[in-house]
Amino acid sequence: MPEGDTIYLTAERVGAVLSGQTLTAVSGSSGPIRANSARLTGARVVDVRSIGKHLVVETDADLVIRTHMRMSGTWEVYEPGQRWRYPEGAARVVLETAAAVAVCFSAPDISVSRPQAAQLELAHLGPDLCADVFDRLEAIRRMAVPWNDTLAEHLADQRIMAGVGNVYKSEILFLEHLHPESSPLLESEAIERLVDRSRQLLMLNRRRPNRITTGETRRGGELWVYGRGGQPCRRCRTKVEAARIGDVERITYWCPACQELA
Ligand SMILES: [Zn+2]
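Residues numbered from 1 in each chain as written. Predicted model: local features only at pLDDT ≥ 70, side-chain atom pairs only at ≥ 80, totals over all residues.

## Some details on the sheet that holds strand E2 (residues 45-51)
Adjacent strands of a sheet form backbone hydrogen bonds with each other and so pair up, either parallel or antiparallel. An order of E2-E3-E4-E8 is seen for the four strands of this open sheet, with the pairing classed as antiparallel. The strands lining the two open edges of the sheet, one partner per strand, are E2 and strand E8 (109-113). The mean angle between the axes of side-by-side strands here comes to 15 degrees, regardless of whether they run parallel or antiparallel. With six bridges connecting them, E2 and strand E3 (residues 54-59) associate as antiparallel partners. Its bridge partner lying in E3, Ser 50 is registered against Leu 55. Set on the sheet, helix H1 (residues 4-18) makes contact with E2 and E3; between it and E2 the angle comes to about 170 degrees. Sheet strands in contact with helix H2 (residues 31-40) are E3 and E8, and its direction is about 35 degrees off that of E8. (Pairing = 2+ DSSP bridges. Helix = DSSP H or I, 4+ residues; strand = E, 2+ residues; numbered from the N terminus. Axes fitted to C-alpha atoms, helices over the stretch in contact; angles between N-to-C directions. Contact = placed C-beta atoms within 7 Å.)

In structure tokens:
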């Protein structure tokens, strides 16, 4: 599932073929795209970037395309005429230039809006963990307000910091010895460490296609607990636990020995 670092890489890949280019055709099954395809066709792409887990395409037609991948969406880049990896019916956004085709498949959350409205749509997001400039103090300030039931939900709340998804949530809590069902009411030092660890991990992986939190590049050794339910903890050999905490769609992983419930 795409998290902040994945979307950052994707924005670089899509930006490499679209930035500065004129859109020769704009199509796809997304309603907002179809409604604006005439206005977007002929526009020049000014910038492609990630904001948290959103990918934003800015054009000189005074319109901004915003996509959020949720669980299943993906952006792909092709040469004209090249065979696509997914069926055409799954193409939500298709942006063509003279030299390339960028296709967004299956993303459920897409908007096309004026720049000011686009900014408002993203105004709720906390500091972006993958941005070149990260407002650490603001992230700490937001993290210190314990408005979620569990720490797991708190850490993945995009209004606090933008970019942490399900994988990082489990990994960061493991590295900080914090149980996912702990209260988000933490001492200020723990909050600072949580913010710094999140920033460090996402920046470390920002340009790496496969996510690594253990420092181990060998296949199968990249992550501490995520996806390892029932397997021995890499630190203490206790069985890693897996459960749905808060957000019902997603599973959180933790080691009950390394991450004691306070
Ligand atoms: Zn352990």
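Right, picking up where we left off after that structure.
## So, the sheet that holds strand E5 (residues 74-78)
What the four strands build is an open sheet, ordered E1-E6-E7-E5; its pairing is antiparallel. In this open sheet, the two edge strands, each paired with only one partner strand, are strand E1 (25-27) and E5. Strand-to-strand twist across the sheet, computed as the mean angle between neighbouring axes with direction ignored, equals 10 degrees. Pairing of E1 with strand E6 (residues 91-96) involves three bridges; the strand directions are antiparallel. Bridge assignment links Ala 25 to a residue of E6, and that residue is Glu 96. Strands in contact with H1 are E5, E6 and strand E7 (101-105); relative to E5, the strand with the most contacts, it is inclined by about 35 degrees.

## Looking at the environment of Arg 141
Tracing the chain through its elements places Arg 141 in helix H4 (residues 136-143). Counting along the chain gives 19 residues from Arg 141 to Ile 160, while the straight-line C-alpha distance between them is 8.6 Å.

## Remarks on the packing of helix H6 (residues 166-175) against helix H7 (residues 188-204)
Two elements in contact, H6 and H7, have axes separated by 10 Å at closest approach and are oriented at 125 degrees. Between H6 and H7, the angle is such that the two are oblique. The chirality of how H6 crosses H7 is right-handed. For the pair H6 and H7, contact is made by Tyr 168, Glu 171, Ile 172 and Leu 175 and by Leu 194, Arg 197, Ser 198, Leu 201 and Leu 202, respectively. Taken together, the residues of the contact of H6 with H7 break down into six nonpolar, one polar and two charged. (Parallel < 35°, antiparallel > 145°, perpendicular 65-115°, else oblique. Left-handed = near helix turned anticlockwise from the far one by under 90°. Nonpolar A, V, L, I, M, F, W, Y, C, P; charged D, E, K, R; others polar.)

## Remarks on the environment of Tyr 78
Relative to the assigned elements, Tyr 78 resides in strand E5. Given 16 C-beta atoms within 10 Å, Tyr 78 falls into the partly exposed group. Sequence separation between Tyr 78 and Val 101 is 23 residues, and the spatial gap between their C-alpha atoms is 5.1 Å. If we ignore the near neighbours within four places in the chain, the residues touching Tyr 78 are Trp 84, Ala 100, Val 101 and Val 103. (Buried ≥ 20, exposed ≤ 12 C-beta atoms within 10 Å, placed from the backbone.)

## Considering unusual backbone geometry
Despite not being glycine, Asp 62 shows a phi value in the positive range, around 65 degrees. In this structure, Asp 62 sits in the loop between E3 and strand E4 (64-68). Positive phi is not limited to glycine here, since Arg 237 has a value of about 70 degrees. By the element assignment, Arg 237 lies in the loop between H7 and strand E9 (241-244). With 10 C-beta atoms counted inside 10 Å, the residue Arg 237 sits in the exposed group.

None of the figures reported here should be taken as evidence of function without further support.
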